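# Survey of secondary and tertiary structure
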Amino acid sequence: MRQFFRPLPRTVTGPLSILLLVSWAAVMALLINRSYLQASSATLAADLARYTSAAVWHGVYYRGEKIGFTVGQTLKTDSGFELQEDGRLQMSLLGATTPVTIRTTAHVDKDFQLRSFEFSLDPGTGPIEVRGQLDGTRLALAVTSAGKTRTEVREMAEPPALSLNLSRRLANGGLVTGARHRWTIFDAATLHNAPIVVDVGKRELVRGPGTAPIPAFRVETEFSGLHTTSWVTDTGEVVREESPLGLLTVRESPENARAMAVPSQVQADLLEASAIVPVGRERIDEARDVLRLRMRLDGADLSALDLDGGSQTLAGNIVELRDPRGLRATAADADAMRFLAPEPLIESDDPDIRAEAANAVRGATTTRDRAERLTRYVNGLLEKKPTVSIPSAREVLRTRVGDCNEHTALFVAMARASGIPARIAVGLAFVRGAFYYHAWPEVYIDEGGRGLWLPVDPTFNQFPADATHVRLARGGLDRQTAILPLLGRLKMTILDVEAAPESERPILAGAPADLGQLAVPLPQRTSRCACSR
């Protein structure tokens, strides 16, 4: 991610937030999930041709800047309804414009219970497609990337809903002032269930741009740690929705929604918005020189995070990080072997990934040597470019471009294909005076019945990763959503920095301080330090 998520209609802040996560993490920040695709007018017209005059349009805003639009409609079928929604959005990342298009279709019964869905996200390099068929609590999934499809069947604890049909489900008997609903939402962007709590408030008059006031219920939702407020009409239409991440959708006319969706220059740059500038008397000059780092984290709930373990320890809200080069093997991790298995977006059993991995580690004799070979290989293989996508290792290998999400997904898949347990870590990394959201892998080094999890960073070409990598969570996008509530809230105070003497500075290739490999300039940040060390 460095060089690092629905109702807005809910399908926007879900992926928008996840993709506010995927992209901010994509360039050490977080991005969004619905976007405007820079296509020809003919292509755009063809994409939106399925929408009738009854379709509902929304403008999408980020911190006051118009960044795109969504359009949706509900069609009656013989067995219930078909819900359709398209989104286009465009945002600025590190001065580069990143477009994405998302399409969702859900088939529901007459009570708006989910039966099947199709979801597609395309960042311009090719779509990731997810199809689901629900039979009671049995969900059959098919995930397509790089032209290949992986299928699996999951048993759910209860029949899930899609965020796309949530407002309609509320209108079908749930819009009662004072009512509270607890449901399970299947998020097609993360391929996992998550609980949602919905509180229905009083009916209010909501005025949109150039429209008469519309009566709608104020609805408060809590989903993946994020609190959003929306206004839903008796028929289940979302008039307006607000998210604490700075995302806003407002119902608009088709002309206004589309005409304003593509500003010539979007000013809201997520990288800048997500940077955490530390305070304190100590300063970090070079991340690669840091041997030990103590910091205090304030302003957010830390209880759901993975802050303790490996090269970092947690005591209250104090985190101490040590140079991972000093990690030593301890008792073997009996759980490590499960991180050899392929996953829907970590396709370590794909023949192309297995062949690429074999080529990368050829000649290496130890696990540590193979892991380092993979780190250097993935760094050299991918063009450094911020993207807004759901990273699939197979798709990354095809396009060979991406940010920290893509580097990490491909590395983890290739490591597993090479017989090395590997997992995803997300958190913060230090670059030029600030900490930015970022992703990197952890690999399990087996040393004769003992072992250790070692953080590495193929995006920065670091083996191991430097000691300014603050791990916040481990796992796929479903776990990475734990970061979302931190955005704009987390504060950091540097308490102590121990750096290597100049004569003993570790050599870490491609250290993040120079960032030449990004091909786009990072903004300069000045650390708010009272004095120099």
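Everything numeric here is computed off the predicted structure, so don't read it as measured data. (Residues numbered from 1 in each chain as written. Predicted model: local features only at pLDDT ≥ 70, side-chain atom pairs only at ≥ 80, totals over all residues. Heavy atoms only, no water.)

### Examining the sheet that holds strand 25 (residues 470–474)
With respect to topology, five strands assemble into an open sheet ordered 19-24-23-22-25, the strand pairing being antiparallel. One side of each edge strand has no neighbouring strand; the edge strands of this open sheet are strand 19 (330–331) and strand 25. Here strand 19 pairs with strand 24 (residues 450–455) via two bridges, running antiparallel. For Ala331, the partnering residue across the bridge sits in strand 24 and is Arg450. Against the sheet, helix 9 (residues 404–417) contacts strand 22 (422–431) and strand 23 (434–447), and its axis sits at roughly 5 degrees relative to strand 23. (Pairing = 2+ DSSP bridges. Helix = DSSP H or I, 4+ residues; strand = E, 2+ residues; numbered from the N terminus. Contact = heavy atoms within 4.5 Å. Axes fitted to C-alpha atoms, helices over the stretch in contact; angles between N-to-C directions.)

### Focus on the pattern of salt bridges
Think of it this way: side chains of opposite charge can pair up when their charged atoms draw near. Inspection of the entire model under this criterion finds 36 salt bridges. A salt bridge links Arg292 to Glu320; the nearest nitrogen and oxygen atoms lie 4.0 Å apart. Here Glu320 lies in strand 18 (residues 318–322) and Arg292 lies in strand 16 (residues 290–298), a separation of 28 residues in the sequence. A relative accessible area of 15% places Arg292 in the buried class. Ionic pairing is found between Glu442 and Arg471, a salt bridge with its closest N-O pair at 3.5 Å. Placement of Glu442 in strand 23 and of Arg471 in strand 25 is noted, with a sequence separation of 29 residues between them. Accessibility expressed as a relative area gives 3% for Glu442, which makes it buried. (Salt bridge = Lys/Arg side-chain N within 4 Å of Asp/Glu carboxyl O. Buried < 20%, exposed > 50% of the residue type's maximum accessible area, 1.4 Å probe, protein only.)

### Digging into helix 7 (residues 367–381)
Think of an α-helix as turning once every 3.6 residues; residues three or four places apart then point the same way. Between its first and last C-alpha atoms helix 7 spans 21 Å; for 15 residues at 1.5 Å apiece the expected length is 21 Å, and the two agree. For helix 7, the set of buried residues is Thr367, Arg370, Ala371, Leu374, Thr375, Val378, Asn379 and Leu381. Each buried residue of helix 7 sits inside an arc of 165 degrees when the element is viewed along its axis, so together they form one side. Contacts made by the buried residues of helix 7 are with helix 6 (351–361), strand 20 (383–384), helix 8 (393–399), helix 9 and strand 23. (Expected span 1.5 Å × (residues − 1). Arc of directions from axis to C-beta.)

### With respect to the confidence of the model for the protein
Confidence along the protein averages 79 in pLDDT terms, with 79% of residues attaining 70 or more. Summarising per-element confidence for the protein, the mean pLDDT is lowest in strand 27 (residues 528–529) (28) and highest in strand 18 (97). Throughout residues 507–533 the model reports pLDDT below 50, and contacts reaching past four residues in sequence, or to other chains, amount to 79 contacts. (pLDDT = per-residue confidence, 0-100.)

### Description of the environment of Gly136
Mapping Gly136 onto the fold places it in the loop between strand 6 (128–135) and strand 7 (138–145). A relative accessible area of 47% places Gly136 in the partly exposed class. When the C-alpha positions of Gly136 and Met156 are compared, they lie 8.8 Å apart, and in sequence the two are 20 residues distant.

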